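# Observations on the three-dimensional arrangement
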Amino acid sequence: MSSEIASSGRWAQVQRVSVERLHIRLESLLVLVALSAVMAVLSPYFLSFSNFLNILLATSTIGILAIAATFVISSGGLDLSLGSVMGLSGVVGAFVAVNLGAPSAFGVIACILAGAAAGHINGQLITRAFVPAFIVTLGMLGLARGLALVISGGRVIYGLPDFMLYLGQGRPFGIPMPVIIFVVTAFAAHCVLAYTRFGRHTLAIGDSEAAARAAGIRVERHRRVLYTLSGALAGLAGLLFSARINSGDPTAGLNYELTAITAAIIGGTNLFGGRGSILGTMIGALIMGVLQNGLNLLAVQSYYQQMAIGAVLILAVFIDQYQTRKESRV
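What comes next is a walk through the structure. (Residues numbered from 1 in each chain as written. Predicted model: local features only at pLDDT ≥ 70, side-chain atom pairs only at ≥ 80, totals over all residues. Heavy atoms only, no water.)

Secondary structure assignment for the chain yields 14 helices and two strands. A compact globule built from 330 residues would reach a C-alpha radius of gyration of about 20 Å, and the chain, at 20 Å, matches this within 12%. Dimensions of the chain, computed from the C-alpha atoms along their principal axes, are close to 70 × 55 × 35 Å. Taken over 330 residues, the chain has a buried fraction of 49%. Considering only residue pairs separated by 6 or more positions, the chain has 78% of its internal contacts joining residues 24 or more positions apart. Total accessible area on the chain is roughly 15600 Å²; 68% of this is exposed by carbon and sulfur atoms. (Helix = DSSP H or I, 4+ residues; strand = E, 2+ residues; numbered from the N terminus. Rg over C-alpha atoms; globule rule 2.2 N^0.38 Å. Buried < 20%, exposed > 50% of the residue type's maximum accessible area, 1.4 Å probe, protein only. Contact = heavy atoms within 4.5 Å. Areas by Shrake-Rupley, 256 points an atom, 1.4 Å probe, with all protein chains shown as cover.)

As structure tokens, then:
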């Protein structure tokens, strides 16, 4: 019995060190390793280098959306409009670059600004009109999707200029450009959330909004910045997705918000705020990428894949809350 207690204590200590120093939860890393091992056994193509690059490429878009979700959720908020804002941003960028004939740089800027504008509207309504984040972002989900269809006339806008295409299809040193952008974005986001005042304020608001106000944090302004940042990251994801497929598709990003939120929670972000990890979110995004890639290799139908993602989300929240209750009893 004493040896079991000691073993449990050592594991708890390793977990604590992992969270405090590496900002990741070991459970997430173990799940990624175990899932990869299972997929490698089930499919002989899983461990190929080309498939590994495919996983990273597919993960890049979801990963950037998951980073956006991490910032918002760790502050005690919620953004259900990420997928639709991503689709809108891609259409706006394609419309500016193709239909208006503007230089590629304007198309890139238009993607990010469109996302930031949608996020800013979310933040304004939440903090100034006092409408719950769930309602505001759910409404934006429909508004952004509808606006994308209006701008594009319900059609896909083809033929992006070369520079935009390079952002989605270029391979410097053999590495897909979206993967490089994802890693750079994740590194910058990790530094912001883990080591800056902005990140500390974000987690403080999620932990206790009342205590954050008492400490002098301007909660409403901070939330507006967070939702604007979330929208801008969704715009970046929309840019990369459109550049990959060489078109602005008004249906792009359908149900991506579910996958992004799942990745953030699997990575250790508390659904109710106060805790978040960008590195953990990257692991969570890779888990979702490996899961979807493996199911594709096994020729599992797409609707079963959606069921699997929903089940993983419920399981992730259950494990997170179980762990939180367990820690509170210690």
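Here we take up the environment of S28. When you line up the elements, S28 lands in helix α2 (residues 26-42). In this structure S28 comes out as buried when scored by relative accessible area, which is 6%. Along the chain, S28 and I62 lie 34 residues apart, while their C-alpha atoms are 17 Å from each other. What S28 contacts, discounting residues up to four positions off in sequence, is I266, G267, G268, I283 and I287.

To continue, consider helix α8 (residues 177-195). When the terminal C-alpha atoms of α8 are compared, their 27 Å separation across 19 residues agrees well with the 27 Å that a helix rising 1.5 Å per residue should span. Among all positions in α8, only M177, P178, V179, I181, F182, T185, A186, A189, H190 and L193 are buried. The elements touched by buried residues of α8 are α3 (49-74), α7 (162-169), α9 (197-207), α11 (219-245) and α13 (278-297). (Expected span 1.5 Å × (residues − 1).)

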